[in-house]
Structures are given as structure tokens and as C-alpha cells.
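The lines below spell out each chain.
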Amino acid sequence: MKTEMALITENRQIAADTWKMVLKTTIASETGCGQFVQVQVPGYFLRRPISVCRVLDEEHLVLIYKVVGDGTARMAEMSAGESVDLFGPLGHGFPIEDRDVLLIGGGVGVPPLLETAARHIKAGHHVTAVLGFNDASGIILEQQFRELGCDVYTATMDGSAGTKGTVMDAIRQNDINEEYVLSCGPLPMLKAVSNAYQKGYVSLEARMACGMGACMGCVVKDNDGESLRVCKDGPVFAIGKVVL
Ligand SMILES: Cc1cc2nc3c(=O)[nH]c(=O)nc-3n(C[C@H](O)[C@H](O)[C@H](O)COP(=O)(O)OP(=O)(O)OC[C@H]3O[C@@H](n4cnc5c(N)ncnc54)[C@H](O)[C@@H]3O)c2cc1C
Ligand code: FES
């Protein structure tokens, strides 16, 4: 991991409240799927953790972020040609096991699954992606998963696209029987995934400060009561490891 000034080569809105930022940085060459970076937003002390959505090449990576507060709103104001201070790559990402995989993503938990899909496809595995959103205006990356060669199913809570309901409803409705799951998204979704599947991994979110395991600001408990740091021991944990 390192800090580096990264050049913004693209920063544009791609869906409701959701933006895509492409950065030129050598951090790209070291980043695995499911890892994240911390962005030093100008004017803000704490860095914002954002998952790496795609490693385009040795020098470019893609972040997809939702504007939810002041920091991400400031990020959305930045333009191509400006630079941001980037720290990463951080955390343990998704393993690439030698097997077919079901990816289950919700909202801005979907982005890190795109690089994960790309690496599984490259390894010759069959990838099914089930993507959940609140409504059609929030759908992101569906086409990019298709272009990689994944079977893609979408669910929206209001039924404006795909299955009406949750990702679990889409899995039932489409008779998806894959056993091995990699998942990232909101906590209720990860709980449902962890109740339904024994094999696989989930990626957690937590409020973070240092991002590198030093401040204990992002601690969760495992099933033996031991403390684990989401930033360093995770964000990806085996299903059943952490108390959700
Ligand atoms: C490992 C990891 C990966 C993430 N990947 C993505 C991603 O790919 N795309 C995306 O849109 N969002 C992602 N998030 C969530 C993202 O970090 C927050 O939405 C963002 O920090 C909000 O900043 P803000 O200043 O706009 O919000 P504010 O609410 O103003 O932030 C105040 C403080 O709380 C922190 N904070 C607020 N919400 C969160 C949150 N959900 N998780 C962690 N810290 C938070 C901020 O970093 C900041 O320090 C990720 C979070 C983690 C922990
Ligand atoms: S954010 Fe400091 S230990 Fe995780």
C-alpha cells in the first residue's frame, strides 16, 4: 500500500446520485478484486473508503461512488485533470477459487463485484451475477457484467426493473442453484445471504479512520468474540466468520 497523487481522467454521473471516477495511478497495478482505496477529498481530514470497481490496466482504476454526504458531494464536483491523494490498495479482497461463482450485489456494493467477475471469467469460471437496487434509476453496471460474459439477473424493490423485491427473490424466481457465493452490499442483504449460503465470502462496510489496522475504529466481532478490523482483516470475510 502507498499514498500517491492520482490524476482524475474521468468523473461523471452514471445513475441517480451515482458517479464514476477513473484515476491514473500506479496503485492500479497492485490492486486485487474486492480491495479498496481511501480518497483524500480536498477540505476533509478523514479519507473516504471506496472499493475498486475495475482495474483497467496497470495505471488506471475505476471507482463508482454514491453521493451520500459532504465528502462524496465534493468528490462529484471534481473534474478530469485535477488530482486526488489516494491511499491503497487496502484490505483483503475476494479470493479467486477454482470454481463457478454466484455474485450477489446490492446498491454500491455492486462495483467491487465487477472486477471480481472479470477475474473469474478470465480464469474460465462461469459467473452468475444477481444485482439489487431500490429502483430502475439506480441500476449500475448491469451491461458491463453482461459484456464480460456473466449471466445477469436484476432485482428492484419497487419492481421498476427485473424481479420485484430483493436479490433473494430474484435468486428464487430464476431458480439459481449455485452454491458458492461472493457478496457485497447493505447489511440486511449480507445477513440474508449468510443465512442462505454456507460457502463463500461477504464484504463488509464500517466507518473508518486510518484504513490500515492501527486505530481499531472499524472493529467487528467474530463468532468466538475476537475483534477483527474491517479495514485490515477484511473487508472480505468468509461467510459465518463475523457476527453480522
Ligand atoms: C471498505 C469500504 C468500501 C466502500 N466502497 C464504496 C463504494 O465502492 N462506493 C460507494 O459509494 N461507497 C462505498 N463505501 C461507503 C463510502 O465510504 C461512504 O459512502 C463515504 O465515505 C461517505 O462519505 P461522505 O463524506 O459523503 O458522507 P458523510 O456521512 O458526510 O461522512 C462522514 C464520515 O463518515 C464516513 N462514512 C459515511 N458513510 C460511510 C459508510 N457507509 N461506510 C464507511 N464510512 C462512512 C465518511 O468516510 C466520513 O469519514 C465504502 C465503505 C467502505 C468501508
Ligand atoms: S480504520 Fe483504523 S483500524 Fe480500521
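Reading guide: rules and limits
- Residues numbered from 1 in each chain as written.
- Chains lettered and ligands numbered in written order.
- Predicted model: local features only at pLDDT ≥ 70, side-chain atom pairs only at ≥ 80, totals over all residues.
- Helix = DSSP H or I, 4+ residues; strand = E, 2+ residues; numbered from the N terminus.
- Buried ≥ 20, exposed ≤ 12 C-beta atoms within 10 Å, placed from the backbone.
- Contact = placed C-beta atoms within 7 Å.
- Domains from an automatic or database assignment.
- Nonpolar A, V, L, I, M, F, W, Y, C, P; charged D, E, K, R; others polar.
- Near = placed C-beta within 6 Å.
- Pairing = 2+ DSSP bridges.
- Axes fitted to C-alpha atoms, helices over the stretch in contact; angles between N-to-C directions.
- Core = buried A, V, L, I, M, F, W, Y, C linked by C-beta atoms within 7 Å.

Enquirer: In this structure, what is going on with the environment of leucine 182? I would like to understand it.
Expert: Structurally, the position occupied by leucine 182 is in strand β12 (residues 180-184). We classify leucine 182 as buried; it has 30 C-beta atoms within 10 Å. Put simply, leucine 182 and phenylalanine 94 are 88 residues apart on the chain and 7.4 Å apart in space, counted from C-alpha to C-alpha. Residues contacting leucine 182, with those up to four places away along its chain left out, are Phe94, Val101, Leu103, Leu113, Thr116, Gly200 and Tyr201.

Enquirer: Explanation requested: the domain arrangement of the chain in the structure shown.
Expert: Interfaces are often sized by the accessible area lost when the parts come together. One can read the domain layout of the chain as domain 1 (2-90) and domain 2 (101-203). Here domain 1 and domain 2 have C-alpha centroids that lie 23 Å from each other. Of the residues lining the interface, 14 residues belong to domain 1; the matching set on domain 2 comes to twelve residues. Secondary-structure elements contributing two or more residues to the side of domain 1 that touches domain 2 are β1 (2-15), β5 (54-57) and β6 (60-66). Examining the composition of the side of domain 1 that touches domain 2, we find that three residues originate from one element, β6, more than from any other. Of the residues assigned to the side of domain 1 that touches domain 2, the class counts are nine nonpolar, three polar and two charged.

Enquirer: Looking at this structure, I do not really get the site of ligand 1. What am I missing?
Expert: With respect to spatial proximity, 21 residues lie near ligand 1, and among them Ser51, Gly69, Gly71, Thr72 and Val108 are the closest. Secondary-structure elements contributing two or more residues to the shell around ligand 1 are β4 (48-51), β6 and α1 (70-77). Sorting elements by how many residues they give to the shell around ligand 1 places β4 first, with four residues. Each residue belonging to the shell around ligand 1 can be placed in one class, and the counts come to twelve nonpolar, four polar and five charged.

Enquirer: Looking at this model, I keep getting lost on the sheet that holds strand β2 (residues 18-24). Mind explaining?
Expert: Through backbone hydrogen bonds, the strands of a sheet pair up, either in parallel or in antiparallel fashion. Reading across the sheet, the seven strands line up as β4-β3-β7-β1-β2-β6-β5 and stay open at both edges, with antiparallel pairing between neighbours. Each edge of the sheet is formed by a strand with only one pairing partner; in this case those strands are β4 and β5. Strand-to-strand twist in this sheet, taken as the mean axis angle between neighbours without regard to direction, amounts to 40°. Bridge count between strand β3 (residues 36-40) and β4: four bridges; the pairing is antiparallel. Within the sheet, the bridge partner assigned to valine 39 lies in β4 and is arginine 48. α1 contacts β2, β3, β4 and β6 of the sheet and is inclined by roughly 130° relative to β6.

Enquirer: Help me out: how do you make sense of the nonpolar core in this one?
Expert: Soluble, globular proteins show a tendency: their nonpolar side chains are buried together. Among the nonpolar cores identified, the biggest contains 70 residues, and Val37, Leu63, Leu103, Ala117, Ala129 and Val130 are the most heavily contacted of them. When residues of this core are assigned to domains, at least three map to each of domain 1 (2-90) and domain 2 (101-203).

Enquirer: I tried to follow the pairing of strand β7 (residues 83-90) on my own but got confused; where do I start?
Expert: Walk down a regular strand and you will see the side chains alternate between the two sheet faces. Here β7 lies mainly inside the structure; six of its eight residues are buried. In this sheet, β7 lies alongside β1 in antiparallel orientation, the contact comprising six bridges. Each residue of the ladder has a partner; that of alanine 6, found in β7, is valine 84. The pairing of β3 with β7 spans four bridges and is antiparallel. Bridging across to β7, phenylalanine 36 finds its partner in leucine 90.

Enquirer: Mind showing me how you'd approach unusual backbone geometry here?
Expert: As a rule of thumb, non-glycine residues mostly have phi less than zero, and peptide bonds are mostly trans rather than cis. The omega torsion across glycine 88 and proline 89 is -5°, close enough to zero to call that bond cis. Cis geometry is adopted by the peptide bond preceding proline 235, which originates at glycine 234 and carries an omega value of 10°. Here proline 235 shows up in the loop between β15 (227-229) and β16 (236-238). A positive phi is found at aspartate 17, a non-glycine position, where the angle reads about 60°. By the element assignment, aspartate 17 lies in the loop between β1 and β2.

Enquirer: When you look at the environment of asparagine 11 in this model, what are you seeing that I'm missing?
Expert: Topologically, asparagine 11 is positioned in strand β1. Remark: the alpha-carbon pair of asparagine 11 and serine 79, spanning 68 residues in sequence, is separated by 6.1 Å. The residues contacting asparagine 11, other than those within four sequence positions of it, are Trp19, Met21, Met78, Ser79 and Ala80.

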